[in-house]
Amino acid sequence: MESKKNDNVTRGKKRARSPASARGRKRKDLKENENTSNELKNVPQQTEEVAKPRQEPLCFKNPKYRENGFSTRTKVWKNLKQIMNAQKSQSSNGEVTYASIDAPPPVKPVKKYSDISGLPAFYTDPHTKLRYSNSDEYRQIQHISSDTVVGLLALRQASY
Amino acid sequence: MLNLYTCKDEQNCPDVLHEYEAQLQTESIPLIIDNGSYHCRVGWATKLHPYLNFKNVIAKNRGNRKEKDWDIQVANEIADLETVRWLLRTPYDFNVVVNYSVQETLLDYAFKHLGISTDGCINHPLVLTEAIANPSYCRKQMSELLFESYCIPKLAYGIDCLFSNGYNMPEFDLPEVGLIVSSGFQSTHVLPVFGKKADIKNCCRINLGGYNCSAYMQRLLQFKHPQLVSELTLSRMDEVVHGLCHVAPNYQEEITKCCDIGFKDKHATTLQFSSSTTPSNIKTGNILGGPLKLEKKLKQAEHKLYELECVIELEQESTEAAEKVAADAGCSSIKELKEKTELMRDNIQAIRRDLDEQYRLDKVATGTVKCGIEKCQAPEIIFQPSLVGYNQSGLSECIEMLLENYSKEVQELMAKNIFITGGNTKIDGFRERVVKDMIQIRPYQSEIIVRQAADPSLDAWRGAAKWALSQHCNWMERKDFEECGWEYLKEHNFSNMHVATKSTT
């Protein structure tokens, strides 16, 4: 029973850290690796060796690059939002930045379409905020689950 | 009429290891890389086609975190993207390269497959495409990576849609005045060309592209067919959007037409998936409560019938006992019981018939999706970003807005020289829609000419190749970077503008 309990714990996200189950855990890890690498069908020679980093040094690469600590592997990269904000704070007015060429909001009023059928929507349900174009659709809206409602609204980035 | 479309589900073929020809080495032929968020095209400038054309992704499978083991598959080594969808990494964040470790892996892959075997360096000048208004910070990282890690002799950056436009002109060069519409995987740009140079200040970028069309199509179909959520994968949606979808010349008209039942039957396409997972859908019983419910009903009815038949048999032995059981069953006499049995038998036959019908429908219905209005909804988001909640002007509005920045004469010239490029413009009817919208924008009876690139996906690479071998070419060398810093950019007609970042001190 004890071992079964441990199994249940290791299968979930949290892993039991008890030393007794360490060996069992390692075996389980290997099994999982084998399964996932079998899924990556197209690398037959690598499925035998369970999981190996690509260590064959490529001849055209500068060997001093890694030694001098310019390695790209361990760095944490900024994402686009951070880069854009940095650029915004550093640039002066009138300069072309990545953010400045973004298309502006529409001048003409946007057309609304039904969330159910895609037809032009003339009405909005005040309760769920979904748009519909005729009474049949309204009847459908009254029966759909709240998950679907949230999903449909998320499709056009509106909140519930 | 049943329009049937079966998803091909093509698997990727691993790339060939090309031979490093002697001639390429001695003449130092430029290497052209059209680095896109969808595909990366790599090849030699003297060839007609890029040797490599692969999806710009890697699949990193972390095996044992402690020992830092990982299994990396690059690009076309991944046979089926869907199996590793959650492990995919791309160097791109939207349409800009931000992750240089992944970029390094992809460049390693590209150079290795080109067969390059020189020791410690790559002896070829490199032309690389980048996004319009690529931040200097990103360019700096890229230049550093290329010069430090690969030791290339010369480098040049350019914008893909400009190269494509130049390639499609009678003589390789940008037009005097023109307008480029470039719709890619992650973004769509409208770029005016003025004085044979790109007018980047007046460029407009809509943050939607082919990826958004596919994702929107996927969500639309998933809502309508919740039982087929796992079948409607992004790779299939890519195929559907480019194979089946079309841009409606008049969206309002088209959607009203689509909802008419007669039109729907005639023009809707039924998508079929050639997958082996559909039987499992039936077993989960999620699809139609129908067959399972009916099966249960049938079983209960048959059980009851059996009981009644037992009573009838009992009657043959002893009438009294049978009468007693009949009374328990709620019948006043054995005759009534017999009648009840008959009714049960009829009932069971009816249920059996219904069940057969359901299973027949199941065979047809599982793994099929009907696409009617969705075919014109998905590509429409480029023209109406509000469909997906983006607060940006659509493509036609952007064009209208940009034209107003110029004088009337220039506007006329631009309207006669509109050029469409980019993989996402291969959708049916894209060009016709742009023409129609331009007719609405421009003054009555003014001339409008809209041309599409001969090969919207590959012409950027070909244009870059032609540029590299021509006199227009403008290289940057390592010493330029040593003097001016890694953010240095030599501007030329096909490049971005150099925007220096001021130091914060």
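Residues take numbers from 1 onward in each chain, read along the sequence in its written order. Note on labels: chains are lettered from A, ligands numbered from 1, in written order. Confidence filtering applies because this is a predicted model: local features only for residues at pLDDT of at least 70, side-chain atom pairs given and counted only at 80 or more, and all residues used for totals across whole chains, interfaces and linings. Water and hydrogen atoms play no part in the side-chain values, which are based on all heavy atoms of the structure.

On to the UniProt feature "domain: Vps72/YL1 C-terminal" (unreviewed entry) in chain A, then. UniProt positions are given in the numbering used here, feature names are shortened, and annotations may be inferred rather than shown by experiment. Within this numbering scheme, the UniProt entry marks residues 112-141 of chain A as carrying the feature "domain: Vps72/YL1 C-terminal" (unreviewed entry). Segment residues 112-141 of chain A splits into 23% helix and 13% strand. End C-alpha atoms: 17 Å apart. Secondary structure elements follow DSSP: runs of H or I no shorter than four residues count as helices, runs of E no shorter than two count as strands, and numbering proceeds from the N terminus.

Bringing helix α17 (residues 459-469) of chain B into the picture now. Residues and elements named next belong to chain B. Judged by how many residues are buried, α17 sits mostly within the fold: 9 of 11 residues are covered. Of all the positions in α17, only Asp-459, Ala-460, Trp-461, Arg-462, Gly-463, Ala-464, Ala-465, Trp-467 and Ala-468 are classed as buried. Looking at the buried positions of α17, the neighbouring elements they touch are β2 (31-35), β3 (39-44), β10 (126-130), β11 (154-159) and α4 (160-167). Remark: exposure states derive from per-residue accessible area (1.4 Å probe, protein chains only) relative to the maximum for the residue type, with buried under 20%, exposed over 50%, and partly exposed in between. Every residue pair with non-hydrogen atoms within 4.5 Å of one another is taken to be in contact.

Before going further, it helps to examine the layout of surface pockets. Only protein atoms enter the 1 Å grid, on which a cavity is a set of points fitting a 1.4 Å probe that cannot get out and a pocket is an open set with protein on both sides within 12 Å along at least 5 of 7 lines, lining residues being those with an atom within 4 Å of a point. Grid points are joined across faces, edges and corners, and a volume is the space filled by probe spheres set on the points. By volume, the second largest pocket is sized at about 890 Å³. Together, 38 residues line the second largest pocket, and Asp115(A), Ile116(A), Ser117(A), Gly118(A) and Lys224(B) are the ones closest to its centre. Considering each element in turn, the lining of the second largest pocket owes the most residues, 4 residues, to helix α5 (residues 210-224) of chain B. Side-chain classes follow a simple rule in which Ala, Val, Leu, Ile, Met, Phe, Trp, Tyr, Cys and Pro form the nonpolar group, Asp, Glu, Lys and Arg form the charged group, and the remainder, Gly included, forms the polar group. Of the residues that constitute the lining of the second largest pocket, the class distribution is 17 nonpolar, 10 polar and 11 charged.

Turning to the sheet that holds strand β16 (residues 269-273) of chain B, a few remarks are in order. Residues and elements named next belong to chain B. As summarised here, the arrangement of the 3 strands in space is β1-β16-β17, forming an open sheet in which the pairing is mixed. Of all the strands in the sheet, the pair left with one neighbour each is β1 (3-7) and β17 (368-371). Pairs of neighbouring strands in the sheet enclose a mean axial angle of 30°, with direction left out of account. Inspection of the sheet shows β1 paired to β16 by 5 bridges, in the parallel sense. In the strand pairing of β16, Asn-3 is matched with Thr-269. Inter-axis angles, ranging from 0 to 180 degrees, are taken between N-to-C directions of lines fitted to C-alpha atoms, where helices are fitted over the stretch in contact. Together, β1 and β16 form the strand contacts of helix α6 (residues 234-243), whose direction differs from that of β1 by roughly 140°. Two strands are said to pair when DSSP picks up at least two bridges between them.

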